[in-house]
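# Reading the structure
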Amino acid sequence: MEIAKLGEFGLIDHLTKDIKPVNESTLYGVGDDCAVLHYPESEVLVTTDMLMEGIHFDLTYITMQELGYKAAMVNISDIFAMNGTPRQMTVSLAIGKRLKVEDIEAFYDGLRKACEKWSVDVVGGDTTASYTGLAISITCIGEAKKEDIVYRNGANETDLVCVTGDLGAAYMGLQLLEREKSVFYQQVDAMNKKLQEAHKAGNAKLVEHLQQEARKLNDFQPDFAGKEYLLQRQLKPEARGDVINLLRENNIHPTAMMDISDGLSSELLHICKQSHCGCRVYEKNIPIDYQTAVMAEELNMNVTTCAMNGGDDYELLFTCPIGDHDKLDALESKGIKQIGYITKEELGARLISRDNKEFDITAQGWNALKE
Ligand SMILES: Nc1ncnc2c1ncn2[C@@H]1O[C@H](COP(=O)(O)OP(=O)(O)O)[C@@H](O)[C@H]1O
Ligand SMILES: Cc1ncc(C[n+]2csc(CCOP(=O)(O)OP(=O)(O)O)c2C)c(N)n1
Ligand SMILES: [Mg+2]
């Protein structure tokens, strides 16, 4: 259905009519000039992120449903990264001309799934048109007790540096999707060339045959066998609220924490800078999935570079007092890995390679505003 048929208010109504808040702190959600929230005993956490078509996502390979899920998850991830509990979300959309009501429905379907997973209420937003692509701006609100909040600036010398899950897979997923996309467009280009030549030669039979072949190109099936994990990591990331709960259950209180959106190296430098410290991270300890390693080899890329700088991981990076070492060891099987330790600031941020050489960690991570 054309969005114009519903208009702005019709579309908003259509998307939000079934939303039922589940949090006590949501006094009033969608429908007035403001949502009304109530946090008598907690600190309020607020985070916002913008996702632009062409910069953050490409609608040729992410579905609208996956996009809604991812847009919500990356914001929820920021609340967990402060050791908070996500509660509310506002969703603002600037919708490009090509999109239909069904597309926005699918987006909301994915978004709702992510919100349901972590009991987050959609309490408002804004809807408008865009002449260029789709733009999404999401704000997530959460809560935490003052003493529980973990900032980027609390790391201390001798603290252990930990990461969750594995790194670099989402980046390999992106490389894979872009490769298959370019394979597809190469085939389209080649076909167009042949068609032009056949036209020029006046060969009607050949033109007809090629047109038939061209239609088949629409059924192009990219080759993703054995690489499903990489795609899932790029297209359907999960915020690590499970790890936040696990740390709480085990009485582990990180000294500094953030989520890994731009790449481990970039985030390590944020923590070091804000905590006025250095770090030593061991290449051999960086968690990498088998499929990531295989894909990196296939693309002739250094897998550690991918894991350090790839981005889009949405895992947690945190530091803990060295006294938590045994407790953290026990959690290794649950996907928490100690990768190094915090040093004095003068010692810099360095990576120790497998052959025991030291390298400066530089922020080569994802940066939308860099060349
Ligand atoms: N245009 C802006 N105006 C004000 N603050 C901003 C702006 N862009 C980013 N920030 C703030 O800068 C800090 C770092 O932002 P960013 O790197 O985007 O963090 P994150 O990776 O958690 O999204 C955050 O406190 C964020 O709110
Ligand atoms: C089409 C496409 N291009 C590029 C990327 C890579 N990418 C997009 S967002 C992102 C992570 C960080 O985004 P940013 O806007 O810096 O979020 P923030 O750090 O503010 O949370 C990465 C690695 C992608 N996933 N898809
Ligand atoms: Mg941001």
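Placed above this text is the structure.
These lines cover the structure that appears in this document, whether it is placed above or below. (Residues numbered from 1 in each chain as written. Chains lettered and ligands numbered in written order. Predicted model: local features only at pLDDT ≥ 70, side-chain atom pairs only at ≥ 80, totals over all residues. Heavy atoms only, no water.)

## A few points about the side chain of D121
Note the threshold: To qualify as a helix, a DSSP run of H or I must reach at least 4 residues; to qualify as a strand, a run of E must reach at least 2; elements of each kind are numbered from the N terminus. With a 1.4 Å probe rolled over the protein chains alone, any residue whose accessible area is under 20% of its type maximum counts as buried; one over 50% counts as exposed, and the rest are partly exposed. For the purpose of counting charges, residues Lys and Arg are taken to be positive, whereas Asp and Glu are taken to be negative. His and the chain ends are not included. Basic side-chain nitrogens of Lys or Arg form a salt bridge, by our definition, when they fall within 4 Å of a carboxyl oxygen of Asp or Glu. Whenever two N or O atoms come within 3.5 Å, that pair is a polar contact, provided that in protein one can donate a hydrogen and the other can accept it, and provided that, for residues adjacent in sequence, both atoms are side-chain atoms. Two residues form a contact once any of their heavy atoms are found within 4.5 Å.
Secondary-structure assignment places D121 in strand β5 (residues 121–130). Of the buried charged residues, D121 lacks a salt bridge, with R87 as the closest side chain of opposite charge at 7.8 Å. For D121, the side chain forms a polar contact with the main-chain nitrogen of N23, separated by 3.0 Å. Apart from residues no more than four positions distant in its own chain, D121 is found in contact with K20, P21, V22, N23, T26, R87, Q88 and M89.

## Overview of the environment of S25
Secondary-structure assignment places S25 in the loop between α1 (3–16) and β1 (26–28). Residue class for S25 comes out buried when judged on its relative accessible area of 6%. Once the C-alpha coordinates of S25 and A330 are considered, the two residues, 305 residues apart in sequence, prove to be 35 Å apart. Residues within four places of S25 in sequence aside, it is in contact with V36, L37, H38, Y39, R87 and Q88.

## Here's the deal with the site of ligand 1
What counts, and what does not: Note on definitions. A residue lies near a molecule or strand when any single heavy atom of the residue is within 4 Å of it. We get accessible surface area from the Shrake-Rupley algorithm with a probe of 1.4 Å; when it comes to residues, only the shown protein chains can shield them. By the convention adopted, Pro, Cys, Tyr, Trp, Phe, Met, Ile, Leu, Val and Ala count as nonpolar, Lys, Arg, Asp and Glu as charged, and the other residues, Gly among them, as polar.
Surveying the vicinity of ligand 1 reveals the residues D49, D78, R152 and S261. The separation between an oxygen atom of ligand 1 and a polar side-chain atom of D78 is 3.3 Å. In the environment of ligand 1, an oxygen atom lies 3.2 Å from a nitrogen or oxygen atom belonging to the side chain of R152. Taken by itself ligand 1 offers 560 Å² of open surface, and the protein chains cover 26% of this. Split into classes, the residues belonging to the shell around ligand 1 amount to no nonpolar, one polar and three charged.

## Things to note about the packing of aromatic side chains
Rules: Between the rings of Phe, Tyr and Trp (Trp by its six-membered ring), a pair exists once the centres lie within 6.5 Å; its type follows the angle of the planes, with under 30 degrees stacked, over 60 edge-to-face, and the other angles tilted. Definition used: whenever NZ (Lys) or CZ (Arg) falls within 6 Å of the ring centre and also within 35 degrees of the ring normal, the charge is taken to sit over that ring.
The tally for this structure, following the rule as stated, stands at four aromatic pairs. Taking 5.1 Å as the distance between ring centres and 65° as the angle between the ring planes, the aromatic pair formed by F184 and Y185 counts as edge-to-face. Judged by relative accessible area, which is 37%, Y185 ranks as partly exposed. Between Y282 and Y341, the aromatic rings sit 6.3 Å apart at their centres with planes inclined by 40°, giving tilted as the arrangement. Placement of Y282 in strand β9 (residues 277–282) and of Y341 in strand β11 (residues 336–344) is noted, with a sequence separation of 59 residues between them. Taking the relative accessible area as the measure of exposure, Y282 reaches 23% and is therefore partly exposed. Note on Y341: relative accessible area 33%, which makes it partly exposed. Taking the ring centre of Y69 as reference, the NZ or CZ of K236 above it sits at 4.4 Å.

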